[in-house]
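Summary of structural features
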Amino acid sequence: MLDETARRILSVLQRDARTSMRKISEEVGVSLGTVSNRVRRLEKIGVIRGYTVLLDPEKVGWDLNIVVGLRIQKGRLIEIQEKIAEDPRVYGVYDVTGDFDSMVVARARDRSDLDELSKNVMSIDGIERSVTHLVLNTVKESPTTLPD
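Per-chain numbering applies: the sequence of each chain, read as written, is numbered from 1 onward. Local features in this predicted model are restricted to residues of pLDDT 70 or higher, and side-chain atom pairs are both shown and tallied only at a pLDDT of 80 or more, whereas totals for entire chains, interfaces and linings draw on every residue. To obtain the side-chain values, all non-hydrogen atoms of the structure were included, while hydrogens and water were left out.

1. A look at the nonpolar core
The criterion is simple. A nonpolar core is a set of buried Ala, Val, Leu, Ile, Met, Phe, Trp, Tyr and Cys residues joined through side-chain atoms within 4.5 Å. Exposure classes here rest on a 1.4 Å probe applied to the protein chains alone. A residue is buried below 20% of its type maximum, exposed above 50%, and partly exposed in between. Within the largest apolar cluster, 17 residues are counted, with the highest numbers of intra-cluster contacts made by Leu70, Ile84, Val104 and Met122. Mapped by element, the contributors of at least two residues to this core are β1 (64–72), α4 (77–85), β3 (102–108) and α5 (111–120). The helix and strand labels rest on DSSP assignments: H or I over at least four residues marks a helix, E over at least two residues marks a strand, and numbering proceeds from the N terminus. It is β1 that contributes the most residues to this core, five residues altogether. It only takes one pair of heavy atoms within 4.5 Å for two residues to be counted as in contact. Beyond its immediate stretch of four places on either side in the chain, methionine 122 contacts Val68, Leu70, Ile84, Val90, Val104, Leu117, Ile127 and Ser130.

Structure representation (structure tokens):
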């Protein structure tokens, strides 16, 4: 789906999404119009979903990172996942295979915030079981990249 020009444009934007179209055209070796059209097309088809600032979670107050496995009542998976996804501390909700129906990745400010998240979000009606794992150390956490 992505040709080499699109991949090179995306590579530049991944390094710094604020790179000007002119600078991208110089780095990729194509015209400014080509870069502009390609970026617009990549946005339109949803390859580029937006532009954002990458924050250091700990420096902005998220001291705890958690992963929660959930077993959810049959027939209520989507409903429960949508409720959980509304919480601003939650940044990932996944359907999974294995012992759990869903995995949730979230951040909490401190133990009190984690306690509130566990009691009020991860134990809503329809969740049959939850297992919360506290992340001790983050070895790697990076945004989506292009596959080779």
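2. Section: the side chain of arginine 89
By the secondary structure assignment, arginine 89 is in the loop between α4 and β2 (90–95). Under this definition, polar contacts are N or O atom pairs within 3.5 Å; protein pairs additionally need one hydrogen-donor-capable and one acceptor-capable atom, and for neighbouring residues in sequence, both atoms have to be side-chain atoms. There is a polar contact of 2.8 Å between the side chain of arginine 89 and the side chain of aspartate 87. Contact partners of arginine 89, with chain neighbours within four places excluded, come to Trp62, Val105, Ala106, Arg107, Asp113, Glu116, Leu117 and Val121.

3. Quick word on the sheet that holds strand β4 (residues 127–134)
Any two strands between which DSSP finds at least two bridges are classified as paired. Overall, antiparallel pairing links the four strands, which are arranged β2-β3-β1-β4 in an open sheet. A single partner strand is all that each edge strand has here, and the edge strands are β2 and β4. For this sheet the average axis-to-axis angle between neighbouring strands, irrespective of direction, equals 20°. In this sheet, β3 lies alongside β2 in antiparallel orientation, the contact comprising five bridges. Its bridge partner lying in β3, valine 93 is registered against valine 104. Here, axes are lines fitted to C-alpha atoms. For helices the fit covers the stretch in contact, and angles between N-to-C directions go from 0 to 180 degrees. This element, α4, spans β1, β2, β3 and β4 of the sheet and lies at about 165° to β2. With respect to the sheet, α5 is in contact with β1, β3 and β4, its orientation differing from that of β1 by roughly 15°.

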